[in-house]
Each structure stands twice: as C-alpha cells, then as structure tokens.
There are 2 protein chains.
Amino acid sequence: MDCKFAQALEWQVGYSPDKSKAPSKFVPAQVPGAVQLDIAKAEKYPPYEYADNYKMFLWMEDRFYTYLSSFKKPVLEEFERVFFFSKGIDYEFEIYLNDKFIHQQEGMFTYVDIDITDFLKEENVLKIIVHPVPKMVKEPTDRSQAAHVVKPAVSYGWDWHPRLVPLGIWDETGLMVRNRSHLTDIYVSYELNNSLDKAFIQLQGEGRNVKGLTYSWTLKDQSGSTVLTQKGEIAADLFTGNPIVFDNPALWFPHDHGMPYLYTSHFELHDRSGNVIDAKSQKTGFKRVRLVMNEGAWKEPSTFPKTRSVPPAQFEINGKRIFVKGSNWVNPEIFFGTITRERYEELIDLAIGLNFNIFRVWGGSIINKESFHELCDERGILVWEDFPLACNNYPDDPHYLKILRQEATSIIKRLRQHPSTALWCGGNELFNDWSRMTDQSLPLRLLNSLCLELNPTIPFNATAPIMGMGHGHYLFVDFDGKTEVYKTINNARFTAYTEFGMPGMSPVEVLKKIIPAKDLFPPRDHTAWRDHHAYGAWVGDTWLSLNDIESYFGKAPNLETLVQQSQLLQSQGYKAIYEEARRQKPYCAMAINWCYNEPWAAAVNNSILAYPNIKKPAYDTISASCRPVLASARFSKFQWNEGEDFFADIYVLNDTFKEVPSLKISVKLKPAKGEEVIMKWESPVAEPNTNVAGPTVRFRLPYWEATDRFEVILDVEGHSEYSSSYILLYKPAFRANEGTRVLNM
Amino acid sequence: MDCKFAQALEWQVGYSPDKSKAPSKFVPAQVPGAVQLDIAKAEKYPPYEYADNYKMFLWMEDRFYTYLSSFKKPVLEEFERVFFFSKGIDYEFEIYLNDKFIHQQEGMFTYVDIDITDFLKEENVLKIIVHPVPKMVKEPTDRSQAAHVVKPAVSYGWDWHPRLVPLGIWDETGLMVRNRSHLTDIYVSYELNNSLDKAFIQLQGEGRNVKGLTYSWTLKDQSGSTVLTQKGEIAADLFTGNPIVFDNPALWFPHDHGMPYLYTSHFELHDRSGNVIDAKSQKTGFKRVRLVMNEGAWKEPSTFPKTRSVPPAQFEINGKRIFVKGSNWVNPEIFFGTITRERYEELIDLAIGLNFNIFRVWGGSIINKESFHELCDERGILVWEDFPLACNNYPDDPHYLKILRQEATSIIKRLRQHPSTALWCGGNELFNDWSRMTDQSLPLRLLNSLCLELNPTIPFNATAPIMGMGHGHYLFVDFDGKTEVYKTINNARFTAYTEFGMPGMSPVEVLKKIIPAKDLFPPRDHTAWRDHHAYGAWVGDTWLSLNDIESYFGKAPNLETLVQQSQLLQSQGYKAIYEEARRQKPYCAMAINWCYNEPWAAAVNNSILAYPNIKKPAYDTISASCRPVLASARFSKFQWNEGEDFFADIYVLNDTFKEVPSLKISVKLKPAKGEEVIMKWESPVAEPNTNVAGPTVRFRLPYWEATDRFEVILDVEGHSEYSSSYILLYKPAFRANEGTRVLNM
C-alpha cells in the first residue's frame, strides 16, 4: 500500500476516566507513537527504562484517550475524494469528524481507509477516541488479560518485558486525496511449476469505482528491463487479471543459498480517456516454499501400537532442503509505534552478520510494519510469521473469532505479498500446559482455514512447538543444578529446535543506565535487578542464575567480572546448541534461538543483542557456529579436570550446496601458556549439504599452571575461515602447597 | 432428504470398451446395485465369494457401462416439475435424456437432482453412462490407484478385501414430481449453552423458487407433543429462520449413558394461499460433543527441550467424559449398492449386544447410506466419521481438491443432521509412512476448513492415529515370535487405542462355503486360503498366523480344532486389550478394535463378526470386557508352567456415572477338574466413572492332571453380572513316565 499523504496532520492527545467526559487538557502527540509517551513527555516523566520507573505508567492503562487534529479542507478537483487513512490504531477506537461519528474498529492491524469528503467543512476537527487497555479479567494482571484480543500479549508483562501496554496511533496515518476511482490493493499471486521454470501469475486487484476502467501492468527485473506486461479491463472492484505464464523467472532465495531476487510490479489504472489516474509499485519475488518430511522421520514410530509420524519441519526452498539458522524476533521497542525503518534495518543487517537466514516473528509480539518485511525481502531472510497469539487459551468466543478473522485477513493479505514470507504459524506454545489450546480450538482452525483460502502456497503450522519440535532449554545448567547444556542438547532428538535460550548479562555500560549505582554490585533481588529480569523472571533464580555462575567461577570480585562470566556461559552454551543442532542434520532442520533482540534493556536476557542493538559476546560465537562451512567439536561437559581424559567428537559441517574438499584439521588445546596439538585429521570430502562425522579425540589433561580454562582450537590448514574455537574450564588437582586458586578472566 | 418417487424406473445395463460405442446387448439391472452384479447374474457367473471366482470380475473394471430406462411422461399439474433424482451413482458418469446431454458428475456421494421437465417427450429414454474404474496409475494394481478419487480405496484390494471395485447406481434413484417451489434441505442447526439447558436453534433451509413463500415448522418430542413452533417468510432459496431458544431440551446420549432422545422436526412450505406445497420431516436430537484433554496429559512432556502436549482424545458428551468402546466399521458388502436398512440394523443391534457405544466408520470404506445414520441415532451409538481417504498420499492437485470439496460438502451437510455424528476425521493413517500425507497436505487442510465452516460444533481430527493415539498391534504374538499381546498392551501408554486387531478364523461352516473341500485341511498357501486372506495378507504369515497357533498348541488334528485354537487366541487377545485400555483410564479414553464386520467371508480376519453377521467366539468375550462394570484381571502372559508363581492384578472397572459399592470378589483358578480359590478381596467403593486398582494375586501353580489350560474366574458375590472369566494355557513339568502330552480343546 503506497501512502501518499496529502496533508501532514498535527495531533494532540488528552485523557479522561470515561468516554463521555472530554479530556481536561491536551498535550502534543507524536504520530505514529503511543499515548503513554506523549503524556510522559508532557509531564516530564523520568525515563521508563531506568530502575522501576515504568511503574509510573501503569495508571495510564485505564483511561480513554482522545486524539484531536484540525485541518483545512484540501483543494479538490471534481473527481477527487479525501480519505482518512491509518495503517494502525491500537486497539479499540472510534473516529469522529466534526463531532460526527464516522468509524468504529477493534483491531490494530487492519488499515483504516475512510472516504470523509462528504463530511468536510472548510475547517475540520478529526477526533479519535481510543479505549483503555482491554482486559479479559481484572486479575491477575498478566498476559491472561490479553486472551481475548488480537494485540501483543507481551505488553501485559513477560519474563523479559515489563508491564507496559501501548495504546494509540502506531503506524503511518494522515489524509489522502485520491481520484474517486482508485486502487486499494494489487497482489501478484503466482504458483511455480514443479521444475521451477514457469511462474503462473494472476494479478488480484482491489479498488473503488474501478469497474469498466482499464489497466496496464509491467514487471521489471533488477536491471530495470520490462519482462512482462499485461493490459486489461476491470470487471469489478474486486478483479483478477488473465493468467500469465512467466518463463524462467529468477527465483528469490535466502541470502546464503542464492540471490534474494526482486522484481518490480507496476500497476497503472487508466480512466476512460486513457489517463493514468492511480498506480501501485511494489517489489515482488518468486519462490516455492514447502515443509517436507525430515530425513528418517517416516521410519518412526517403528513399534506397535503405533502413533503418527512427526509433522514435517524441514524447509524446502525452490527445491533445496535447507537447514535454517536464526532467531526469535520480538518487537524491538516496547512502544512499537516508534519503530522506524532504520531501527529495523540495523537489526536485520546484524542478523546477516550472524549468518542467519530466518526470523521467527514470535507470536507474543506485533505483526511488524511494512518496512520490516521489505527489508527481509531485500536482504534475503526468511520470515516465519506467528499470528499474535501466545501462551494463552484464546477462546472459541464468537466476538473474538470475528475480530481474529478480520485481523488475520488483513495480516495475510499484507504479508503474502512478500517473498520472504515462508511460514504461517497460529502462535506461540499454544498446545502446552501453560496455554491449553488444542487442535480443536476454533481460533486455530480458523487461522488454518484463512491461510488456506488466502495464501495456500505457504505452509501453516497451528503453533510451535508442534510434535517433534523442541522448545528449550533456556539455561546453561538444568534445574537439577548439574545437567549442563552439552548433555541436554547432545541427548535430544528433535526435528527442529525453534526456541532455546542462554541467559547472558547486558554489558556494564547498559547496566549502568538502568540500575541505580548503589545497587549495581553485587546484584540483589528486590532491587532494579528484579525489575530488569535478573530475579523472579522465569523458573528458579532466572535470568541471572547466580548460583550456576558461582558454581563454576566462585564469587565474582566485581561487576565487570560477573558480566564476563555470565556472557561466557551464554556464548559457549549457544555455540553448543547451534552446532549440535546442525550435527543432527538431516533429521534436524532448524536452529532458532530464543531470542534475538529486546525491546528495552534487560539486566540479563537470552537475547543475543542488548537493547537497542548492542552485540553481546555471544554474537561472535553464534556467527561462527552458523558459518555455512566449519569444523565443529562436540563436548560432553564444560569443566575438565587435570588427569582426566578429555574427549570431543570432531565434525565438518556443510550447509552449502557445494562439496567441501578434504580438510587438514589440527585439534589443539590452548591453556594460558603454550598449546598442545592432540590430533591431526584429514577429513573426507563433505558432500553438498551434508556433514561429515569425524573421529573422537582423546587426551589426558596434564597440569597446566595458572589457568582456569583452555581453548579448544580446530585449525583448518589453508582455510582459516573454517577454523573454530571453544572455551572450556580447567581445574587442576588440589595441591596442598598451592593455597587457594584465584579464578580470574 | 425425503425421496417420494413418482415412478419406479426399470433399468437395463450394457457395456462397451469405449464411450463412443454403444453396448451390443443389455441385461436387466438391479437399482440400486452394481453393474458387476448385473453382468454376473445375466452371464450366470459362479458366486464371487467362492475360491478365487472374484478374479472373473476383474475385466469389468475397464468398461464403459450404459444404463437405460424408458418411461412415459408423468401427468403433471401446471405447477409441477419432474426431476431425475439419485442419492448415488458410482463414480464418474454422464446423463442423457432422449439423447440430449443433461448432466455430468464425478463423485458418488453428491445427490443428483435435475429438473428434466423441459426435455420430456411422451415416451422417454434416460441414459446414464458410467465410466470405467478410475485409476491414477496403471501399476501397481492396488489401492494407490485410488489416490486421486473420493471413492473407497478398499475396493482396490486390502488385506481383508478382494480386488473388486463396484461401479454403477448404488443408492435410491428415480423420478420425482414436485411443485416448482420445493424444499431440498432443512437443517435444524443448534448450539447448546454451557449449562446444557438451552439450545439456540436456527433453521437453515434450501429450496427452489421459494423466495417470498412462507413456512411453518414444528418440533415434536417423543410423545408427539409439539414443543416448538416457528412461522416465517422465506427471503431467498438459501434461507435461515430467526433464532429460537429451546429451554431444557432432552439431550441425546449414547445408549449406555442415557437415552438417545430424538425429536421430530417437521417443516412445511406454503404457497401464497397458505396451502402446503412441500414438507420435510426428520428426526433430530441435541447433544454437545467435545474432544477434551485426557487426564494427566497436560503434564507431559515434562523435560526440556519440550515438544507439545498430545492432542485431546477424550470424548465429552453433554459434559460427561465418557470412555468409548467400539469398533472400526467397514462396508458390510463389497457391492455396497446392495446394502439395505435391514442389513445395517442386524449389525447395529449386534453392536449394542457388545456394549459398544461408538463406531469409527473407517476411511477406506464408503460414507454409509442414510439408514445407517438413522439407526445409530435411534440406538444411541456415536459415529466417528472418516472421510473417504485411506493409506494413500492424496495430492494437492486442483482437480482432486475440487471433487473433494464437492463431495465433502455433500457428506457434511448430510451427516451433520444426525445427533449420532460425533467426530469428523480426515481419513485413515494418513500421517504414517505408508501414506505420507502431512499436516501441510491441502486435502486435509480443506477438510478441516469445510468442517469448520459447515459443522463447527463437531470436533475434527486430520487423521487417525494422531499424536498419542495408537494403532495396532494386530497379532497375538509380535513379529519377534515371542512378545505377546499382554506385554505389548500392558507396556503401552496411549490416549486412545483406535485400532487393534486379533486374527480369528471364520467358523467352519463359513470356511466350507468359500474353500474347496480338497483344500480345507490342512490350510496351505497358494490355495483359496490365500484368496481369503489366510496367507500373504499383511506382514508375516497373516492372518492365519499358523506358526503362533502351533507354538501354543502343536499341530491341530483337524479343521475344527484349528478354528477353535485360532478363535481362542482371538477372544483372549481382544479381552486383554479392551480391558487393559479401560484399566489405563483416565489417561486412556478409547478402545476401538480393528475391525467389527467384513464385506465378504474371509478365512481369517480381525473382525468380530464373520460375514454376513455371524458371531465369532470373541463376540462374547468382548461383550463381557465392555460391560459398564466388571471385575477385571491383568495378566502378563498366556502360557503358565507348573511350579511357577502365577500372578495377576485385580481391578474393578466402572464406566458408569454411578458409584459401584464394595464388592466381594473371589479369584479362582479352574483347571479341567476342581478349582482353587486363591484370593478373596473386598473392593473399596468405585467412584463414578472411576476404576479401582486392587491387589496382585500370587499362587504357585501345582500339578494339574490332563489339562492344557485353566480358567481364571473373578467371582463377584451377589453380582454375577460383574463376574469375569479368562482362559490361560497350562504346561505341566515334563515327567519321563507320561510320554507325549496330547493337547486338545
């Protein structure tokens, strides 16, 4: 949807306890934005991200908000009409023009597009009344209050998100002047043939008063050459073009398996004299995506009584079975109205640096603005899109189903246009104990049905995890205080790991911005550390997990050391999981961690990036683990003892569709001083998209002086780009004359 | 749909190798029936059920069939029209009247209903050309040829069904004279409130030329009293009545949990003068059915990484979580056109005698005629209805999807009217290796979507088994030659056992009708035994499993003894599974065996009834195992040795919603002579719908003379209706002076 705003609108906002009462005062409003930010700015609130300041915003949940904007009637040609247009108003609202009611809506993802011409005066006042935060139940004040709305559940509070529920105009909004005959949507629908050398295209258009008019359409390639054209007459406001066969389309690939090739579709609407009276340009691309059965999965189950085989969790893109590596994307801002294209761009570019090829847009969060999807199209990142349902039992209630149908229809019709869209998913963890939806839940049957109707070429899953797909673990050491991530992941067998986390502290400079200086060290519960998810966030002493850190390193002498220790566990833990998931290929086909980014600065979080876009050290280790080709080692544990037989399984991982030649790999152990070469291995050729399982190295650990850790290096001769490095802990045997060991970084 | 045929039609049928060529001769045709039966009768074929005679029918697959019927134009009032009406023509066909093309259809479940008035002459010839058996592939000649049609896959050959693929007119067919304004469908749609004391009814009607007419509707209870009425005007040919609230409806229950209460709906169409010009009467009933989570299932999985919890497999009927006991229903005749209401009735009444409350109408088979569903409504048997997809990979092909949409729509609109309809299911074993459909398969997404649209109050499963649901085993002894049914089922943990089988031979008198006398004993492969599924049917030496029989009993001296041995394994094996499934309640909620009946006489089959309706001995043991209340014993194996400690776990099973008082149970072992009372147990009270796990009895087995088996009797004092009895084998220690033991029944 191209937004050509005729007139910038200036907005003010005010609040009142009930709808019938007008606000007593108005303050300037940022649009798009959120009412809370406008109030906070006007009333000079301290930043909500510091300490527990966010609690000052809580009263704002239960107010009615009135946006006002005054404007002069635009100068119109006879054939022109004025529209009030908004890409998103959150969540339930009514619109009045000059005190005349013109629209009511529940739902933040359905565009508002109203012809207001007939209600215009010379001077006009547009008024939008936004209702308070919807709450299904009064208590408890948590995500369960959102179980009846198509609005991000995360805003109601999560283990990494404070309770802050945005309201207000959150996407582009303004007045549009258009010809009375105009376009509202053009969809270049297509299906590829089996050999992928023909696209069967059919244009699907929507407009107003376009019946009987004509159109011309062109498709241009990246060099700007026109490769297809079509002209036609429009039969009705909902219209389709004649089928077109496009021979040998350049296919859109995720960036690591080809080029994310984009074409430009340009559609022009002509009046009866042949003049162009409206046009829509948009990028499009051609790909075929399927979820196919994971290799070996049909053979299971093998005994009687026999249940079903697992559902498929292997992406096939344009005929290639690719291993997807990526992360769960959450809204990058608490007040998502403030998200800009630039904000998306910096985050998406960082994902390319991680060698990621997929984002799962997590269901607790928003459906992102258009620029997110445009950037994923351009950069070549697949998008797995959850509908906005998460960790709740969304009901079979007729009103909820009606709003869900409206919102899902808007979402599907917008996102199906993007070549990056690769999977629809009903929402997050809906088939688990804490949500208690089932395959019989009507909201999920409805979503399946709408996706089938509107976008049948893209796969649909009811939720994640589905059978055979794993979520978790989210800790370096399990609740039992001893089972480490190495053992958990090495013993697991799943078709896809679509959430797994490792907590890591934010950098010290971030912590200093959110935790009062007096509370910075040592971290304690019931301080700003708790408000920022270090304590009481999930199970046990999450997310700081101080017990686990201290069990490896003892008490840290200062904040800097503690942060380094926490970040070391995060980076090595993530490395263990990403690489083991890849080693489990081809049965396993996805490694998607929890989570990528965060919408405010948490003190500790599973995220790879600290708010807004600061790399934690895990960034570099994950980037290395996700290289298309690398030498990789599987470990059984983190801490090793002097005199013990150290062992590790050596692999060559190959996610490319090229053969990797024989590699000369030296396995080295490197303590503080010197290094030991413990094996040289000449790997066999790795077939395309196939790993090679190599030998298990074994080496009795000697006494190393003054070191509490060692590096394991897989040095690839002549191919340092495939070399890998891991850090493990080392514990020398107790020697009476040495006294207490001091553990330092 | 009431069929008021104005005129009986006499039919003839002929065949030719291609459509353009008229048949060279015609023979009388039975309608409804099948073209094969007409040809066979005319050409005096021997019975297809004897030996391998069915092979004589195979050539008929590849012919075109022409049905002819001549009739005089009926005398018509000015306002009357003549319709050609058929409830089912199998499978692809064209209809001509006086050589004028009037209709073409693919699909045997969609009614044909064509106004032929304008084409009528005084003397008329109706011609129906039926196409050859559809085959997706030429080879292999098995069920995979049916992977593109909405036609029973079983006809193409199965492990208990010969290759015989019916064609032709298979349900009621004739001419109807109707007012030009008439009704085609009346659906009493309703939803019950949570407390089940209000039904929100909305009439949904379809007619032709009914716009602007009026109607009156009454609902009568079983005593004939009118409990509801409505009058209204009809707004269009597709119309709905105003909502009606029905207070305190008597609910429809399966027979073992209440009354299958039926109301009578009577809808009258009035012309503008108020005369009744059409009417529809039908039974209806009110129930709420849900699949809810099995008890304890939300707690799983309990470790990380964590996949989803199982889908629900617990029926809740009118708020009661009931354990369903029943069987897989297959078409009772190979040529299903010959099935009559009486044939259904005898089979359904036998199921009541088995204490069954559910049939799974298996997806390899037909959608049954109306009388099947009427009888299930009346007798109070739940119907789990598979769509006609089984053990194939039905494709995402546009043509198949179009026919599936048409047929499924017809099926849903017909069966949703029946209170017995309790579950829609996409088809049989589609998510297993031998079928290879997945959650992404468009046919299953389409069926889910159509059921949601047309019948959202009934649950839908994509297939059986779903996750957590078990199919199999189908043998007394596993393929390893040692693991018995007792161990397999005792070690299993499933939410529902929706297929499990035990092969048992047909009675001797049946065998004599199908196997030539010279081949009767001993059974050998590559004789009529193979044609009747004793050899080469499924895996291993199924279904006769002679090795297993002989490993228990040695070589049988005659056919009678062999049949008894086979039937003993079947009856005891079934008893073990039905009762263990019930003992696993509440986690387990279904026990539905494979299979109930058979469409021709198999020599050996898992069926409880031999064709057409002959009880095998398993009938009585299963009936006992499915009593609402019984004393039950769990065994670990079939054969016990002298000197060994016999043991068994004793239970009281209660599927009623009443408390079962304390019972005095004597556990007795009864060899050929005498009996041993090995325990007396006074059971605690069994709460409603709750089992009681009792003690494990132990007893060292003595030497028993002249016996190779013993009975285990659970004798319930004063309640012989709860007493149970099992048969186990006994093996005395070898005594040199005894010589060879002779094992007899």
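Below you will find a few notes about this structure. What you see is a predicted model, and the numbers here were worked out from it, not measured in a lab. (Residues numbered from 1 in each chain as written. Chains lettered and ligands numbered in written order. Predicted model: local features only at pLDDT ≥ 70, side-chain atom pairs only at ≥ 80, totals over all residues. Heavy atoms only, no water.)

Moving on, we come to the sheet that holds strand β8 (residues 112-115) of chain B. Residues and elements named next belong to chain B. Pairing in this open sheet of three strands is antiparallel, and the strands run β8-β4-β11 from one edge to the other. In the strand order of this sheet, the two ends are held by β8 and β11 (173-179), each with one partner. Neighbour to neighbour, the strand axes of the sheet diverge by 25° on average, direction disregarded. Alignment of strand β4 (residues 80-86) against β8, held across four bridges, turns out to be antiparallel. (Pairing = 2+ DSSP bridges. Helix = DSSP H or I, 4+ residues; strand = E, 2+ residues; numbered from the N terminus. Axes fitted to C-alpha atoms, helices over the stretch in contact; angles between N-to-C directions.)

Let's shift gears to helix α10 (residues 559-583) of chain B. Residue and element names in this part refer to chain B. Across its 25 residues, α10 extends 36 Å between first and last C-alpha, which sits within 8% of the 36 Å expected from 1.5 Å per residue. Of all 25 residues in α10, 23 are buried, a share of seventy percent or more. At the N-terminal end of α10, a side-chain oxygen is found 3.4 Å from the backbone nitrogen of E560, two or three residues along, and the residue is N558. (Expected span 1.5 Å × (residues − 1). Buried < 20%, exposed > 50% of the residue type's maximum accessible area, 1.4 Å probe, protein only. Polar contact = N/O pair within 3.5 Å; in protein donor to acceptor, adjacent residues only side chain to side chain.)

The next thing to look at is the pairing of strand β15 (residues 226-233) of chain A. As defined by bridge partners, strand β14 (residues 214-220) of chain A adjoins β15(A) across seven bridges and the pair is classed as antiparallel. By the bridge assignment, Y215(A) is partnered in β15(A) with G232(A).

Residue and element names in this part refer to chain B. Under the defined criterion, the tally for this structure stands at zero disulfides over all chains. The closest cysteine sulfur to the non-disulfide-bonded C451 is located on C425, 9.8 Å from its own sulfur. With a relative accessible area of 0%, C451 lands in the buried category. Not engaged in a disulfide, the cysteine C626 finds its nearest cysteine sulfur in C588; these two sulfurs lie 12 Å apart. (Disulfide = S-S within 2.5 Å.)

Right, let's get into the environment of Y394(A). Residue and element names in this part refer to chain A. Along the polypeptide, Y394 turns up in the loop between β25 (382-386) and α4 (398-415). A relative accessible area of 0% means that Y394 is categorised as buried. Sequence separation of Y394 and R436 is 42 residues, and the distance between their C-alpha atoms is 9.0 Å. In this view, Y394 contacts A146, A147, H148, V149, A153, P388, L389, Y400, L430, M437 and P443; residues no more than four positions away in its chain are not counted. Within polar-contact distance, the side chain of Y394 engages the backbone nitrogen of A390 at 3.2 Å. (Contact = heavy atoms within 4.5 Å.)

Shape is all these values report; function is a separate question.
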